[in-house]
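Here is what each chain is made of, one letter per residue.
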Amino acid sequence: MLLGATGSIGENTLRVIAAHPDKLELVGVAARSNWEKLAGIARDFGVRHVGLYDENAYLAARNSGAFASGTMLVGGLSGLIELAQLPEADIVLVAVVGTTGLEPALAAISAGKCLALASKEILVLAGKFVMQAARERGVRLLPVDSEHNAVFQCLEGHPAAGIARIVLTASGGAFRDWPAEKLSSVTPADAVKHPNWAMGPKITVDSSTLANKGLELIEAQWLFGLRPEQCTAVLHPQSIVHCLVEFTDGAMLAQLCPPSMTFPIQHALLHPSRPPGVETPLDLTRLFSLEFRPVDEHRYPLLRLAKATMEAGGVAPAIYNAANEIAVAAFLEGQVPYLAIPHIVEHTLASIRNFEPAELAGVLATDARARQVARAFLSRC
Ligand code: NDP
Ligand code: MG
């Protein structure tokens, strides 16, 4: 089951599925509104279960005649939840941008499905509750995000007590080599171009501010049960080493592959088997270098703020994530300048009292409040 099939992760997942028809079968797909693209995917892969979050798109799809007869079309969040629990699905891959995938992810867990998680925002919002649900139901959580999938590979067979820290690599994004003074003139068109990866617009902007790395550090803390100080980041412009794991004896293991999401997606979907990948592996007969640099947190305030929310715990990471989503969407729509993004996040964090949530409802209410606060601040940026 693939939720977010029309996006960048969705497309890469379809390439992996197409390359392994003997091992993987696509039983359902969902997206927000792009029903035309979904219809093409359903046709190409013989998929009979299709979901559209957007109700108008759902109605348009129903009336379009573009889906084969006998196709089960579902709409809205309830439709996504229904798909996540489809009896035919063994693995549910959630690649819906933002936090909309939370309830479908929880539904998949409660139905005992193996959950492959690309949407990092879900664990940042509700890591405590998602991990608890997975533990209680005995469900496996497979990381799809390249750095987390890399950590997962490096940790296999190693007891948790032997981990000193993990180091996630960051390319530094689109403006890594720009002088700081020039950042005030960044346009949405500049920010959606990534030097190494082809990804959706929100995550590409997050890569340039390093909010993406901040979200990933928080995600890693939940996935691997680490303390905040054990989750660190380093700049690595080539995006070939995806993580380093340092063990308590000082040895480090790293995971390397070209910067294409087909590698981690295939690993997650076919783990533990390793059939040939979709793309050519690294060619070590060609000259290339691997550089590592410390991250300058003055230049990337959103990484500093993310680390502060990890230390603070409670609902602080959820506030960070919600404010960042609002700020990035407003930037992409031309409502606020690029450099307003960290200010919106900082203002929202300072405006809402932190607490340790006893129930998911408390986190969801804080998420909604943070979005309100961030939206209200937009006109002041
Ligand atoms: P894209 O913007 O390319 O695609 C987003 C997908 O989510 C589309 O299929 C979109 O449908 C769907 N979608 C958006 N909102 C909803 C909704 N409310 N209900 C159902 N479907 C929805 O994003 P990416 O593929 O880049 O990223 C997806 C997730 O994976 C993000 O959380 C991102 O952080 C994470 N990720 C992405 C990586 C990458 O390489 N792209 C790497 C690691 C993690 P529609 O087309 O109809 O709008
Ligand atoms: Mg990543």
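For the structure, check the block above.
Let us look at the structure shown here. Since we're looking at a predicted model, the values are computed, not measured.

## Focus: the nonpolar core
Right, so step 1: Core analysis: the biggest nonpolar cluster contains 128 residues, and Val29, Leu93, Val130, Ile166, Val245 and Tyr320 have the highest contact counts within it.
Right, so step 2: With 10 residues, helix α13 (residues 316-332) is the largest single contributor of residues to this core.
Right, so step 3: In contact with Val29, not counting residues within four places along its chain, are Met1, Leu2, Ala5, Leu38, Ile41, Val47, His49, Val50, Gly51 and Leu83.

## A short note on the coordination of the magnesium ion (ligand 2)
Right, so step 1: Taken together, Asp145 (OD), Glu147 (OE) and Glu216 (OE) make up the full set of protein donors to the magnesium ion (ligand 2), lying 2.1 to 2.2 Å away.
Right, so step 2: Between consecutive donors of the magnesium ion (ligand 2), the numbers of intervening residues give the motif D-x1-E-x68-E.

## Quick word on the environment of Val328
Right, so step 1: Tracing the backbone through its elements, the reader meets Val328 in helix α13.
Right, so step 2: The sequence separation of Val328 and Pro342 amounts to 14 residues, and the corresponding C-alpha distance is 9.7 Å.
Right, so step 3: Excluding its chain neighbours within four sequence positions, the residues that come into contact with Val328 are Lys202, Val205, Asp206 and Ile341.

## Overview of the site of ligand 1
Right, so step 1: In the region of ligand 1, 26 residues are neighbours, and Thr6, Ser8, Ser33, Asn34 and Glu121 sit closest.
Right, so step 2: One of the backbone N or O atoms of Ile9 is found 2.9 Å from an oxygen atom in ligand 1.
Right, so step 3: Here an oxygen atom of ligand 1 sits 3.0 Å away from a polar atom, N or O, in the side chain of Arg32.
Right, so step 4: Surface burial for ligand 1 is 92%, taken as the share of its 890 Å² of free accessible area covered by protein chains.
Right, so step 5: Of all the elements in the fold, those that place two or more residues in the shell around ligand 1 are α1 (8-19) and α9 (201-209).

## A word on the pairing of strand β5 (residues 91-94)
Right, so step 1: Relative to β5, strand β1 (residues 2-3) runs parallel, the two being bridged by 2 bridges. By the bridge assignment, Leu2 is partnered in β5 with Leu93.
Right, so step 2: The pairing of β5 with strand β6 (residues 114-117) spans 4 bridges and is parallel. If you follow Val92 over to β6, its bridge partner there is Leu115.
Right, so step 3: Following the chain from β5 across helix α5 (residues 102-110) to the adjacent parallel β6, one finds a crossover that is right-handed.

Rules and cut-offs
Residues numbered from 1 in each chain as written. Chains lettered and ligands numbered in written order. Predicted model: local features only at pLDDT ≥ 70, side-chain atom pairs only at ≥ 80, totals over all residues. Heavy atoms only, no water. Core = buried A, V, L, I, M, F, W, Y, C linked by side-chain atoms within 4.5 Å. Buried < 20%, exposed > 50% of the residue type's maximum accessible area, 1.4 Å probe, protein only. Helix = DSSP H or I, 4+ residues; strand = E, 2+ residues; numbered from the N terminus. Contact = heavy atoms within 4.5 Å. Donors = N, O, S within 2.8 Å, 3.2 Å for Na, K, Ca; no water. Near = heavy atom within 4 Å. Polar contact = N/O pair within 3.5 Å; in protein donor to acceptor, adjacent residues only side chain to side chain. Areas by Shrake-Rupley, 256 points an atom, 1.4 Å probe, with all protein chains shown as cover. Pairing = 2+ DSSP bridges. Right-handed = clockwise from strand over helix to strand, strands pointing away.

These values are about where atoms sit, not about what they do.
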